[in-house]
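In case you want the letters, here they are:
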Amino acid sequence: QVQLVESGGGLVQAGGSLTVSCVASGRTFSRYAMNWFRQAPGKEREFVAKISWNPGNTVYADSVKGRFTIARDNAKNTVYLQMNSVKPEDTAVYYCAANSRYSTRLPDDMDYWGKGTLVTVSS
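(A) Structural context of the pairing of strand S4 (residues 33-39). Where burial is concerned, most of S4 is hidden: 6 out of the 7 residues are buried. With 6 bridges joining them, S4 and strand S5 (residues 46-52) adopt antiparallel strand pairing. The residue of S5 that forms the bridge with Phe 37 is Phe 47. Pairing between S4 and strand S9 (residues 92-99): 7 bridges, direction antiparallel. Its bridge partner lying in S9, Ala 33 is registered against Asn 99.

What follows is the structure in structure tokens.
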């Protein structure tokens, strides 16, 4: 079993930056892609970004493209989501997820989930 724990959420002003982290423990396999999803109050969980562990290909949702950057540190079994130029609509619980099939963006296709970390963007 892979355990994922997010951290780094908090309050940030619009236009500012924040980085959330996800640490994987337990059984870790390099071919698992790592993903970030988010869920705002009253809305469905949506895909944000993903990265393959090797070679590190990335995919972003259009809503965050150019503002967010997903990165990895395999030595620490950690994936990051760097959020720049944040907007109030970025406010959500951000979830880390792992999946063995890189291309999928569907929540139901994720194999493991973290419990989420709350990011609140003030205007």
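(B) The arrangement of the pattern of salt bridges in detail. With the rule as written, the count across this model stands at 5 salt bridges. Across the pair Arg 38 and Glu 46 runs a salt bridge, and its minimum N-O distance is 2.7 Å. Of the residues examined, Glu 46 reaches a relative accessible area of 31% and is grouped as partly exposed. Here Arg 67 ties to Asp 90 by a salt bridge, and the two come within 2.7 Å at their closest N and O atoms. A residue pair is termed long-range when its members are at least 10 positions apart, and Arg 67 in the loop between strand S6 (58-60) and strand S7 (68-73) and Asp 90 in the loop between strand S8 (78-83) and S9 qualify at 23 residues.

(C) Spotlight on the state of the cysteines. For the structure shown, the criterion picks out 1 disulfide. Each disulfide pairs two cysteine sulfurs, and for Cys 22 the partner residue is Cys 96, the sulfurs being separated by 2.1 Å. Disulfide Cys 22-Cys 96: the torsion about the S-S bond is -80°, which places it as left-handed. Here Cys 22, found in strand S3 (residues 18-26), pairs with Cys 96, found in strand S9; they are 74 residues apart in sequence, far enough to count as distant. In terms of burial, Cys 22 and Cys 96 fall into one category: buried.

(D) Broad picture of the environment of Ala 40. Summarising the element assignment, Ala 40 is placed in the loop between S4 and S5. In the structure, Ala 40 is positioned 51 residues away from Thr 91 in sequence and 6.3 Å away in space, judged by C-alpha atoms. Excluding residues that lie within four positions of it along the chain, Ala 40 makes contacts with Thr 91 and Ala 92.

(E) The packing of aromatic side chains, seen in detail. Counted by the stated rule, this structure contains 4 aromatic pairs. When the ring of Phe 37 is compared with that of Trp 113, the centres are 5.0 Å apart and the planes differ by 55°; the resulting orientation is tilted. Here Phe 37 is found in strand S4, whereas its partner Trp 113 is found in strand S10 (residues 112-113), with 76 residues between them in sequence. Given a relative accessible area of 28%, Trp 113 falls into the partly exposed group. Seen in terms of ring centroids, Tyr 95 and Trp 113 are 6.3 Å apart; in terms of plane orientation they differ by 85°. Their pairing is edge-to-face. On the criterion of sequence distance, the pair formed by Tyr 95 in strand S9 and Trp 113 in strand S10 is long-range, its members being 18 residues apart. By relative accessible area, which is 13% here, Tyr 95 ends up buried. Here a set of aromatic residues connected by ring pairs shows up, and it is made of Phe 37, Phe 47, Tyr 95 and Trp 113.

The rules behind the values
- Residues numbered from 1 in each chain as written.
- Predicted model: local features only at pLDDT ≥ 70, side-chain atom pairs only at ≥ 80, totals over all residues.
- Heavy atoms only, no water.
- Buried < 20%, exposed > 50% of the residue type's maximum accessible area, 1.4 Å probe, protein only.
- Helix = DSSP H or I, 4+ residues; strand = E, 2+ residues; numbered from the N terminus.
- Pairing = 2+ DSSP bridges.
- Salt bridge = Lys/Arg side-chain N within 4 Å of Asp/Glu carboxyl O.
- Disulfide = S-S within 2.5 Å.
- Contact = heavy atoms within 4.5 Å.
- Phe/Tyr/Trp six-rings, centres within 6.5 Å; stacked < 30°, edge-to-face > 60°.

Read these as spatial facts, not as claims about activity.
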